[in-house]
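# Summary of structural features
Okay, here's what each chain looks like letter by letter:
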Amino acid sequence: MEASGRPSSSRTDINTARVEEIIQRDRRVTVREIASELDLSYGNVQRIVTDELRYSKVCARWVPRALSAEHKATRMMCSLTFLQRYHSDGQHFIDRIVTGDETWLHHFTPTSKRATMEWKHAGSPTRKKFKVTPSAGKVMATVFWDTTGVILIEYLERGHTIKADRYCATFNEIA
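Residues numbered from 1 in each chain as written. Predicted model: local features only at pLDDT ≥ 70, side-chain atom pairs only at ≥ 80, totals over all residues. Heavy atoms only, no water.

## Examining the overall build of the protein
Scanning the protein from N- to C-terminus turns up 6 helices and 3 strands. Shown N-terminal to C-terminal, the secondary structure of the protein runs as helices and strands in the order α-α-α-α-α-β-β-β-α. Of the contacts formed within the protein by residues at least 6 apart in sequence, a portion of 52% connects residues at least 24 apart. (Helix = DSSP H or I, 4+ residues; strand = E, 2+ residues; numbered from the N terminus. Contact = heavy atoms within 4.5 Å.)

And the structure:
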């Protein structure tokens, strides 16, 4: 519903086209940046973007990696091989599958900013909270499991990396 009185001078077809052009040029541009570039108010640009152009800001979907056509074909062939094995061996094949993954485990309890809030008087000094260094208090854990549950949890020593030889050694421990 339009407000009565003076018509909006910034929500014109020309400004709408200019906003559209800026968004098409850079999809990550902010409303504030558009308003600054076009010398329009934040509110008017927001209305043009959402009401007239019908845009909404969304985050990109994160995927682990972009697979090439060759990688996709390899995964398809492996999947078909697994399916054939399942048809021939049944549940026995499924029971022999071991899966593993790595994760960082933090061995300290991080506190939120809100959790550290305190009451203070106007003259009281402001307390400072120092950020914990990102690598302090964490260890890499590799977890292996099968259809019955967790088989092994292995903690990686600081300074080491997980490579194929490390996995092979771990699988020999499991077997």
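Following the structure, the description resumes.
## Overview of the pairing of strand β2 (residues 138-146)
With 8 bridges joining them, strand β1 (residues 99-106) and β2 adopt antiparallel strand pairing. Within the sheet, the bridge partner assigned to E102 lies in β2 and is T142. Summarising the sheet, β2 and strand β3 (residues 149-155) pair through 6 bridges and their orientation is antiparallel. Residue pairing across strands places V143 opposite I153, the latter belonging to β3. Between β2 and β3, which pair antiparallel one after the other, the connecting turn spans 2 residues. (Pairing = 2+ DSSP bridges.)

## Focus on the environment of V29
Here V29 is to be found in the loop between α1 (13-25) and α2 (31-38). Not counting chain neighbours up to four residues away, the residues in contact with V29 comprise I22, I23, I34 and K57.

## With respect to the confidence of the model for the protein
Considering every residue of the protein, the mean pLDDT works out to 82; 79% of them sit at 70 or more. Per-element confidence in the protein is highest for helix α4 (residues 69-89), whose mean pLDDT is 95, and lowest for helix α6 (residues 164-174), whose mean pLDDT is 79. (pLDDT = per-residue confidence, 0-100.)

## Here's the deal with the sheet that holds β3
The strands making up a sheet are joined through hydrogen bonds of the backbone, oriented either antiparallel or parallel. Here 3 strands make up an open sheet; going across it, the order is β1-β2-β3 and the pairing antiparallel. If you trace the sheet from one side to the other, it starts and ends with β1 and β3, each paired once. When the angles between neighbouring strand axes are averaged without regard to direction, this sheet yields 25°. Running at roughly 135° to β3, α6 makes contact with β1, β2 and β3 of the sheet. (Axes fitted to C-alpha atoms, helices over the stretch in contact; angles between N-to-C directions.)

## Let's talk about the packing of α1 against α2
Contact pair α1 / α2: the axes reach a minimum separation of 11 Å and the direction vectors enclose 125°. Here α1 lies oblique to α2, going by the angle between them. Every pair of crossing elements has a handedness; the one defined by α1 and α2 is right-handed. The residues of α2 that touch α1, namely those facing N15, R18, V19, I22, I23 and R25, are I34, E37 and L38. A breakdown of the residues in the contact of α1 with α2 according to their chemical character gives 5 nonpolar, 1 polar and 3 charged. (Parallel < 35°, antiparallel > 145°, perpendicular 65-115°, else oblique. Left-handed = near helix turned anticlockwise from the far one by under 90°. Nonpolar A, V, L, I, M, F, W, Y, C, P; charged D, E, K, R; others polar.)

## Let's talk about the nonpolar core
If you look at the biggest cluster of nonpolar residues, it comprises 13 residues, and the most contacted ones within it are V19, I23, I34, L38, V45 and V49. For this core, the elements supplying multiple residues, two or more each, are α1, α2 and α3 (42-52). The element that contributes the greatest number of residues to this core is α2, accounting for 4 residues. Excluding anything up to four places from it in sequence, V49 contacts V19, I23, I34, R54 and Y55. (Core = buried A, V, L, I, M, F, W, Y, C linked by side-chain atoms within 4.5 Å. Buried < 20%, exposed > 50% of the residue type's maximum accessible area, 1.4 Å probe, protein only.)

## Looking at the environment of R18
Assignment of secondary structure puts R18 in helix α1. R18 gets classed as partly exposed once you look at its relative accessible area, which sits at 35%.

## A short note on α1
Helix length check: α1 (13 residues) gives 18 Å between terminal C-alpha atoms against 18 Å at 1.5 Å per residue, within 8%. When α1 is considered as a whole, its buried residues turn out to be N15, T16, V19, I22 and I23. With its buried residues spanning 125° around the axis, α1 presents them on a single face. Exposed side of α1, more than 90 degrees from the buried face: D13, I14 and R25 are the residues found there. Check the buried side of α1 and you find it contacts α2 and α3. (Expected span 1.5 Å × (residues − 1). Arc of directions from axis to C-beta.)

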